[in-house]
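What follows is each chain in one-letter form.
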Amino acid sequence: MEHVHIEDVDEWMGPAALKQPLGRALGASDVAINYYELLPSESFAFGYHRHSDQEEIFIVLSGTVTFETDDGERVVEEGSAIRFEPGVFQQGVNEGTERVRALAIGAPQESGETEIRRDCPSCADRTPQSIEPGDDCLHTVCNVCETKTGNFT
Ligand SMILES: [Zn+2]
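Residues numbered from 1 in each chain as written. Predicted model: local features only at pLDDT ≥ 70, side-chain atom pairs only at ≥ 80, totals over all residues. Heavy atoms only, no water.

Student: Residue-level account of the overall build of the protein chain, with values.
Tutor: Each helix and strand in the protein chain was counted, giving one helix and 13 strands. The secondary structure elements of the protein chain, listed N-terminal to C-terminal, are β-α-β-β-β-β-β-β-β-β-β-β-β-β. For the protein chain, the C-alpha atoms occupy an extent of roughly 50 × 30 × 30 Å along the three principal directions. Among the 153 residues that make up the protein chain, the fraction classed as buried is 41%. By sequence separation, contacts in the protein chain at least 24 residues apart represent 55% of the contacts at least 6 residues apart. Total accessible area computed for the protein chain in this model is approximately 8700 Å², and 45% of it derives from carbon and sulfur atoms. Seen as two clouds, the 11 positive and the 29 negative side-chain charges of the protein chain have centres 3 Å apart. (Helix = DSSP H or I, 4+ residues; strand = E, 2+ residues; numbered from the N terminus. Buried < 20%, exposed > 50% of the residue type's maximum accessible area, 1.4 Å probe, protein only. Contact = heavy atoms within 4.5 Å. Areas by Shrake-Rupley, 256 points an atom, 1.4 Å probe, with all protein chains shown as cover. Lys, Arg positive; Asp, Glu negative; His and termini not counted. Charge placed at Lys NZ, Arg CZ, Asp CG, Glu CD.)

Student: Summarise empty space enclosed by the protein; cite the residues concerned and give the values.
Tutor: As enumerated under the stated definition, the model contains one cavity of 30 Å³ or more in all. The computed volume of the largest cavity comes to approximately 50 Å³. Lining of the largest cavity is provided by His49, Arg50, His51, Gln54, Glu56, Phe84, Glu85, Pro86, Gly87, Val88 and Gln90. Considering every element that reaches the lining of the largest cavity, the biggest residue donor is strand β3 (residues 48-51), with three residues. (1 Å grid on protein atoms, 1.4 Å probe; cavity = no way out; pocket = protein on both sides within 12 Å on 5 of 7 lines; lining within 4 Å. Points joined across faces, edges and corners; volume = space filled by probe spheres on them.)

Student: Explain the nonpolar core to me, and be specific about the residues and the numbers.
Tutor: Phe44, Phe58, Val65, Phe67 and Ile82 are the most contacted members of the largest nonpolar core, which has 14 residues in total. Those elements that place two or more of their residues in this core are β2 (32-38), β4 (55-62), β5 (64-69), β7 (80-84) and β9 (100-107). Among the elements that take part in this core, β9 stands out by supplying three residues, more than any other. When residues no more than four places from it in sequence are discounted, the contact partners of Phe44 are Pro15, Tyr36, Leu38, Phe58, Val65, Phe67, Gly92 and Ala102. By size, the runner-up hydrophobic cluster in this structure holds five residues, among which are Val9, Leu18, Tyr35 and Leu103. (Core = buried A, V, L, I, M, F, W, Y, C linked by side-chain atoms within 4.5 Å.)

Student: Before we move on, can you summarise unusual backbone geometry with the specific residues and values?
Tutor: A cis geometry characterises the amide bond from Ala107 onward to Pro108, with omega recorded as -5°. Its location among the elements puts Pro108 in the loop between β9 and β10 (114-120). Within the chain, Asp136 stands out as a residue other than glycine whose phi angle is a positive 55°. On the basis of relative accessible area, Asp136 is assigned to the exposed category, the value being 70%. The backbone of Glu146 sits at a positive phi, close to 70°, despite the residue not being glycine. Looking at the secondary structure, you find Glu146 in the loop between β12 (138-142) and β13 (148-152).

Dropping the structure here:
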């Protein structure tokens, strides 16, 4: 048995105000569970993305999350949840005015290949991108022209 207080779990760098790898802190072997808090305009993810082998479920505890999907936008309100099957592109953004609190569950724990797409100002297009470590931050980098498109602490 493992038991943790969420507030004691280490915080990870990324696009969200708060991301805490709760599953890792609990020693979970088969599932990934992250606790998130998003300020207005923040996202769970570095970009529009898909995981080849992992389904993802988001449970919105407070606030409202707007997900971009290939089937259009989907608004997920407080007290509801959404599931994305493996291989489906999505990105959840806090387009509201309240702080979002949410849990994200991924299974299996290893997501397989993750493809990320973001707007690249140099390419003037949405391009495939990678995440690279910087000095106390993470960057997103365009795979086409190598422009840095984001800086996340
Ligand atoms: Zn580019």
